[in-house]
Amino acid sequence: MKKIISLVMTAIFMLSLVSVLTACSGNDAGAETTPPAAETPTVAATTESNTDDDKITLGVTFNNVSGDSYQTAFYEALLKEAETRGYELVVLDAAGDADLQINQVDNLMEMNVDVMMVFPCNGTSIIPALKKANEAGFKTLIINNDIDISGKDYVCGFVGPDCVQQGRDAAQCILDYYADSGKEEIKIIQIEHVPGNMTAVQRGQGFAEGIEGTNATIIESQTANNSREEAMQITENYLIKYPNPGDIDAIFIQGDNMAHGVMAAVDAAGRKGEFPIVGVAITAESWTKMESGLMWGSSLQSPYLLAGTVMDTVEKILADEEIEYYNAMPNPIITPDNMDEYSCPDW
């Protein structure tokens, strides 16, 4: 069985250790900070060097492996899929830095990987790098976060969730909650994902489409940059601004990592159950909060299903098979009413 090459960015560049770090490797897959974007990334963990030209080597640059439990689970699942199928896998982590990720595309090109996978930090700024890779003859698959339409001619396709539909489903979840309430207006606060990330753009688009022509209105919308701490602070401010029952009818969060911060603020303010909280991409923590009555709805987005489908698609690319650009994963909405039809996620 061929071994995996696992490479993740080191946490910091120290001037006195540059010569050592560029020659040696440690094991810090959970690094939370990144080297400066202008530097060449340092190898943090390697199990085997790629010296056999006959081996198929795949490369991936991640958005932020340690950013949330979903990405960590997907990272681990992708490693396992590559190992099971006998491929070497080079893994780089941009840790949320879009500029660093552009450099990492160059790094993967220098490593001459057979197929490149990109989990974009920013669906627009990455496009010049994808264009460069395409012109150099590299085959690239976009995973989980889509890119702007202007870059789609430079890649083989996309595998990930249908973020527009996730937004629509979240909107419908809130509308269903109030279906028999007789409310004249449903006032919603929206907590957005990272600006420039197509996840934010598409989920926001889908949610807006879902409430269009209804009695639901977004009264506030602000980004929390996929940070539960920022989401908590933003929510605390909104709860002060809207102190009375009926001032807020729902909170929609474009990702469950941020939803945990929202729920913490709502719970601490003693306003649990006052309005539905609806997220996207349920986690084990979200599931527990839903069981307790703090969360009302979230979509199921399996990192394991994604990893398997990504590798299936990579194999089609390696075989020079034509693939559709858009390969969306099923993401059913989960609420207390249908939880018994699903299992608690382990991520």
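Look above for the structure.
Just so we're clear, the structure is a prediction, and the values are computed from it rather than from any experiment. (Residues numbered from 1 in each chain as written. Predicted model: local features only at pLDDT ≥ 70, side-chain atom pairs only at ≥ 80, totals over all residues. Heavy atoms only, no water.)

Chemist: Lay out the pattern of salt bridges in plain terms, naming residues and giving numbers.
Modeler: Tallied over the full model, the rule gives 15 salt bridges. Notably, a salt bridge pairs Lys-139 with Asp-320, separated by 2.5 Å at the nearest N-O pair. Highlighted residues: Lys-139 in the loop between helix H4 (127-135) and strand E4 (140-143) and Asp-320 in the loop between helix H10 (303-318) and strand E11 (326-329), separated in sequence by 181 residues. With a relative accessible area of 31%, Lys-139 lands in the partly exposed category. Across the pair Arg-271 and Glu-274 runs a salt bridge, and its minimum N-O distance is 2.8 Å. (Salt bridge = Lys/Arg side-chain N within 4 Å of Asp/Glu carboxyl O. Helix = DSSP H or I, 4+ residues; strand = E, 2+ residues; numbered from the N terminus. Buried < 20%, exposed > 50% of the residue type's maximum accessible area, 1.4 Å probe, protein only.)

Chemist: Tell me what's going on with the packing of aromatic side chains, and back it up with residues and numbers.
Modeler: Applying the stated criterion across every chain yields a total of 9 aromatic pairs. Every member of this aromatic cluster is reached through a ring pair, and the members are Phe-62, Phe-74, Tyr-75 and Phe-119. (Phe/Tyr/Trp six-rings, centres within 6.5 Å; stacked < 30°, edge-to-face > 60°.)

Chemist: Could you give me a rundown of helix H9 (residues 284-292), with the residues and numbers involved?
Modeler: Taken as a whole, H9 has its buried residues at Ser-286, Trp-287 and Met-290. Relative to the axis of H9, the buried residues are bounded by an arc of 105° and lie together on one face. The inward-facing, buried residues of H9 contact helix H8 (256-268), strand E10 (298-299) and strand E12 (333-334). Backbone geometry just after H9 places Gly-293 at a positive phi near 90°. (Arc of directions from axis to C-beta. Contact = heavy atoms within 4.5 Å.)

Chemist: Outline the sheet that holds strand E9 (residues 277-278), listing residues and values.
Modeler: Strands sit in the order E7-E6-E8-E9 across an open sheet of 4 strands; the sheet is parallel. One side of each edge strand has no neighbouring strand; the edge strands of this open sheet are strand E7 (216-223) and E9. Two strands pair when backbone bridges link them, and strand E6 (residues 186-192) and strand E8 (residues 250-253) are joined in this way by 4 bridges, in the parallel orientation. Bridge pairing in E8 links Gln-190 to Phe-252. Contacting E6, E7 and E8, helix H6 (residues 198-211) crosses the sheet at an angle of about 170° to E6. (Pairing = 2+ DSSP bridges. Axes fitted to C-alpha atoms, helices over the stretch in contact; angles between N-to-C directions.)

Chemist: Tell me about the environment of Thr-140, and name the residues and values.
Modeler: As for its position among the elements, Thr-140 is in strand E4. Taking C-alpha positions, Thr-140 is 5.6 Å from Met-117, a pair spaced 23 residues apart along the chain.

Chemist: Quick one: what's the story with the sheet that holds strand E5 (residues 157-161), residue by residue and with numbers?
Modeler: The strand order across the open sheet formed by 6 strands is E2-E1-E3-E4-E5-E11, and the pairing between neighbours is parallel. Edge positions in the sheet fall to strand E2 (88-93) and E11, since each has one partner strand and no second. Averaged over all neighbouring strand pairs, the angle between strand axes comes to 15°, with direction disregarded. In this structure, strand E1 (residues 57-62) lies alongside strand E3 (residues 115-118), joined through 4 bridges in parallel fashion. Each bridged residue has a counterpart across the sheet, and for Thr-61 the counterpart in E3 is Val-118.

Chemist: Run through the pairing of E5, naming residues and quoting values.
Modeler: Counting buried positions along E5 gives 5 out of 5 residues, so the element sits mostly inside the fold. Summarising the sheet, E4 and E5 pair through 3 bridges and their orientation is parallel. Bridge pairing in E5 links Ile-143 to Val-159. Looking at chain direction, E5 and E11 are connected through 4 bridges and run parallel. Bridging from a neighbouring strand, Val-159 pairs with Asn-327 of E11.

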